Amino acid sequence: MLFGRGKKSKDEQPETGRNVEESGTEAATAEPGGSGVPGDFRLGKGPLDIDEIESREGYVDLGALLIAPAEGLQLRLEVEEATQRVVAVTMDLNGSSLQLQAFAAPRSEGLWDEIREQITQSVSSQGGETEEVSGTFGTELVAKLPAEAADGSRGFRAARFMGVDGPRWFLRGVLGGQAALERDAAAGLEDLFRKVVVVRGDSPMPPRELLQLRLPKDAAVPGQAGAPQGDVPPADPAMQQPERGPEITQIG
């Protein structure tokens, strides 16, 4: 399997590690959620917690996230230039994309409501607009930012933000391309989003701390000795050459 890495500067990352309730502390009471687990606000089955699967076998293991393979799926890991740490994974399927980032979260409350508000403020400050919509995973946020096409005409860039508050973790997905505006085009990526498995770990972490992603242990980066040559089987997620995702995906 061929893996590539994109680059992202440090000041473009979501704010993490805020000095608020540590997500490893115990909560006095359980909050309403899909499973009755404190801090679990999922509306249905998936995305999954590591405790909800029997084995990691068959998944692409990226550390904090396990990705289920799919026909035609390609993956890109985005690397923070200053620290060289992997900060996001982007799934490309049928001309659309889904960027994933997982964060530590408190046991007693979710992060998604607050994060949506911050995204809205950021988009507004850049002359864009947002709209909250009801989606498969609850309340979502469609954002549009002014943009200039190659021919000089004015238009906009769109992204659809999905957020899921799981047990002690928060998973953010950002849909780009046709999937940002068309439900039918998003169906395949939404299905993959539901199958994502989050590996939170047991260590206490402050809310919003980015969960660590990494290349799979057996992955080869393009250009390295031993990197596979030729086509990758279609059912295997392949990692693309380094490239940078849509800038709007770094909002919030």
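That block above? That's the structure.
Residues numbered from 1 in each chain as written. Predicted model: local features only at pLDDT ≥ 70, side-chain atom pairs only at ≥ 80, totals over all residues. Heavy atoms only, no water.

(A) Expanded view of the overall build of the protein. Helix and strand counts for the protein come out as two helices and 13 strands. Burial status across the protein gives 46% buried among its 252 residues. Within the protein, counting contacts between residues at least 6 apart in sequence, those at least 24 apart form 66% of the total. Taken as a whole, the protein presents about 12,100 Å² of accessible surface, with 45% of it coming from carbon and sulfur. (Helix = DSSP H or I, 4+ residues; strand = E, 2+ residues; numbered from the N terminus. Buried < 20%, exposed > 50% of the residue type's maximum accessible area, 1.4 Å probe, protein only. Contact = heavy atoms within 4.5 Å. Areas by Shrake-Rupley, 256 points an atom, 1.4 Å probe, with all protein chains shown as cover.)

(B) Representation of the pattern of salt bridges. Summed over all chains, the structure comprises 16 salt bridges. As a salt-bridge pair, Arg76 and Asp92 come within 2.8 Å of each other at their nearest N and O atoms. Of this pair, Arg76 sits in strand 5 (residues 74-80) while Asp92 sits in strand 6 (residues 86-93), and the two are 16 residues apart along the sequence. A relative accessible area of 17% places Asp92 in the buried class. (Salt bridge = Lys/Arg side-chain N within 4 Å of Asp/Glu carboxyl O.)

(C) Unusual backbone geometry, seen in detail. Look at the link from Gly46 to Pro47: it is a cis peptide, with omega at -5 degrees. You can see Pro47 is positioned in the loop between strand 1 (5-8) and strand 2 (48-49). You will see that Arg168, though not glycine, has its phi angle at about 70 degrees, which is positive. Along the chain, Arg168 falls in the loop between strand 10 (154-166) and strand 11 (169-176). In this structure Arg168 comes out as buried when scored by relative accessible area, which is 11%.

(D) Just the sheet that holds strand 4 (residues 65-67), in detail. Ordered by their spatial adjacency, four strands build an open sheet running 2-12-4-3, and the pairing between neighbours is mixed. Every other strand in the sheet has two partners, leaving strand 2 and strand 3 (60-61) as the edge strands with one partner each. In this sheet, strand 12 (residues 197-198) lies alongside strand 4 in antiparallel orientation, the contact comprising two bridges. In the strand pairing of strand 12, Leu65 is matched with Val198. (Pairing = 2+ DSSP bridges.)

(E) Region of interest: the environment of Leu211. Within the secondary structure, Leu211 sits in the loop between strand 12 and strand 13 (238-239). On the basis of relative accessibility, which here comes to 3%, the residue Leu211 falls in the buried class. Apart from residues lying up to four places away in sequence, Leu211 is in contact with Ala64, Ala102, Phe103, Ala104, Trp169, Val198, Val199, Arg200 and Met205.

(F) Highlighting helix 2 (residues 183-195). Relative to the 18 Å expected for 13 residues at 1.5 Å per residue, helix 2 spans 18 Å between its end C-alpha atoms, a close match to the ideal helical length. For helix 2, the complete set of buried residues consists of Ala186, Leu189, Glu190, Leu192 and Phe193. Turning to helix 2, the residues buried within the fold contact strand 6, strand 7 (96-104), strand 10 and strand 11. (Expected span 1.5 Å × (residues − 1).)

(G) Region of interest: the pairing of strand 7. Within strand 7, nine of the nine residues are buried, which leaves the element mostly enclosed by the surrounding structure. What you see with strand 7 is no split at all: Ser96, Leu98, Leu100, Ala102 and Ala104 on one side and Ser97, Gln99, Gln101 and Phe103 on the other are buried throughout. As defined by bridge partners, strand 6 adjoins strand 7 across five bridges and the pair is classed as antiparallel. Paired with Leu93 across the strands is Ser96, a residue of strand 7. Bridge count for strand 7 against strand 11 is eight bridges, and the pairing is antiparallel. Among the inter-strand pairings, Ala102 is bridged to a residue of strand 11, identified as Leu171.

Shape descriptors only; they carry no functional weight alone.
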